[in-house]
Amino acid sequence: MSDAKHNIDVERLRRHYATMGLIRAFEDAAEQAAREGKVTGAVHSSVGQEAIAVGVCANLRQDDQITTTHRGHGHSIAKGTDPAKMMRELFGRAGGTSGGKGGSMHIADFSVGMLGANGVVAAGIPIAVGAAHGAKLLGNGRVVACFFGDGATNRGPFLEGLNWAKVFTLPVLFVCEDNAFASTTRTKAVTAGDGPAARARAIGLHAADIDGNDVALVDATVAELVARLRAGDGPMFLNCRTYRLRGHTAADAAAYRDASEVEARWQHDPMKLTAEQLQRLGVAESHLAGLRQAATVRVAQALAEAAAAPYPARATAFTDVQDVGAPA
Ligand SMILES: Cc1ncc(C[n+]2csc(CCOP(=O)(O)OP(=O)(O)O)c2C)c(N)n1
């Protein structure tokens, strides 16, 4: 059976729900651990934005690449990073994705094409464009998905990256997670013009602008865009309208917005929407509860493993550090 609106297969949608549930469980646990002082560095939750990560990455091959932001746990899980290794990274322990020395904003996992989170807003954009240029020169057929927030569209690398990608017809999908906020500021209050898609079109990119909380719609839209990228018709732009349901970081109570606004947005929670869609397609709520429970158990195990893991050995303090030689 399939959902007529997006012609999505139930089994595919069920898998999306399971992955979104894993991301949700990871984010809930990471935020809680951060509040308990167990995490080194800040934690930025992607709760409410899971459908974008999952709908985009479902259309990527393992050797395709992504870049992400300070809010990158969901993208990493959707691309195939092991949540247990990521939790160790948050806890600053050996065996983490970056050896326990990077933390949440420096997760990278080249084994699945995850080129890195980045604490510098918009800094992932030129990295993605460089990776796409490399893919084109090598002719390896890879595409690159570049995730960033609406706030990043006000920084210079956005213009530079889109321009370069268009001039060289690069296989990169720019994905803007338009969650309405840049830290404590409403992005609209500091942004001229008609939004991210309009800016992309001004540079000549094909741009779609969709509800990023509808995972079937994200999946179907990205399937088309990625097919065009693989056909050499790039770059492409996707603006996903969404909402940051939690504070900017685990420590942010988000007192700058009304509780009623947030409450209304929970009605459009992507987990809720996908569950309702699956139920309409005949999947029982008890089955969905089982998927959520399995995610919770897996993340609880990751938490326990992270808490029990050793800190990185002192001898590794200066490994993985770029050595440019002694100053002249
Ligand atoms: C170059 C730079 N400027 C400012 C900051 C501080 N900062 C961290 S996150 C953030 C907001 C980013 O908003 P957006 O790009 O929309 O992503 P979101 O947090 O909404 O996912 C800012 C301003 C930063 N990290 N880097």
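For the structure, check the block above.
What comes next concerns the included structure.

Our next topic: the site of the ligand. Inspection of the region around the ligand gives 15 residues, with H70, R71, G119, G151 and F181 positioned closest. Between a nitrogen atom of the ligand and a main-chain N or O atom of G119, the distance comes to 2.8 Å. Take V121: an N or O atom from its main chain is 3.2 Å from a nitrogen atom of the ligand. Taking 580 Å² as the accessible area of the ligand by itself, protein coverage stands at 72%. In terms of residue class, the shell around the ligand is made up of five nonpolar, seven polar and three charged.

What follows concerns the nonpolar core. Core analysis: the biggest nonpolar cluster contains 61 residues, and F26, V56, M87, L90, F147, L173 and L238 have the highest contact counts within it. Here the element with the most residues in this core is helix α1 (residues 10-35); it accounts for eleven residues. In this view, L173 contacts V56, V144, A145, C146, V222, L225, V226, L229, M236, F237 and L238; residues no more than four positions away in its chain are not counted. If you look at the next biggest cluster of nonpolar residues, it comprises 22 residues, including I125, A132, L170 and L205.

Read across the sheet, five strands follow the order β3-β4-β5-β9-β8 without closing on themselves; strand pairing throughout is parallel. The open sheet has two edge strands, β3 (65-67) and β8 (206-211), and neither has a second partner. Between one strand axis and the next, the sheet turns by 20° as a mean value, whatever way the strands run. Relative to strand β4 (residues 144-149), β3 is paired through three bridges, and the arrangement is parallel. Bridged to Q65 within β4 is V144. Those strands touched by helix α5 (residues 124-138) are β3, β4 and β5 (172-178), and its axis lies near 170° from that of β4. Against the sheet, helix α6 (residues 156-167) engages β4, β5 and β9 (236-241), with an angle of about 150° to β5.

So, how was this worked out
- Residues numbered from 1 in each chain as written.
- Predicted model: local features only at pLDDT ≥ 70, side-chain atom pairs only at ≥ 80, totals over all residues.
- Heavy atoms only, no water.
- Near = heavy atom within 4 Å.
- Polar contact = N/O pair within 3.5 Å; in protein donor to acceptor, adjacent residues only side chain to side chain.
- Areas by Shrake-Rupley, 256 points an atom, 1.4 Å probe, with all protein chains shown as cover.
- Nonpolar A, V, L, I, M, F, W, Y, C, P; charged D, E, K, R; others polar.
- Core = buried A, V, L, I, M, F, W, Y, C linked by side-chain atoms within 4.5 Å.
- Buried < 20%, exposed > 50% of the residue type's maximum accessible area, 1.4 Å probe, protein only.
- Helix = DSSP H or I, 4+ residues; strand = E, 2+ residues; numbered from the N terminus.
- Contact = heavy atoms within 4.5 Å.
- Pairing = 2+ DSSP bridges.
- Axes fitted to C-alpha atoms, helices over the stretch in contact; angles between N-to-C directions.

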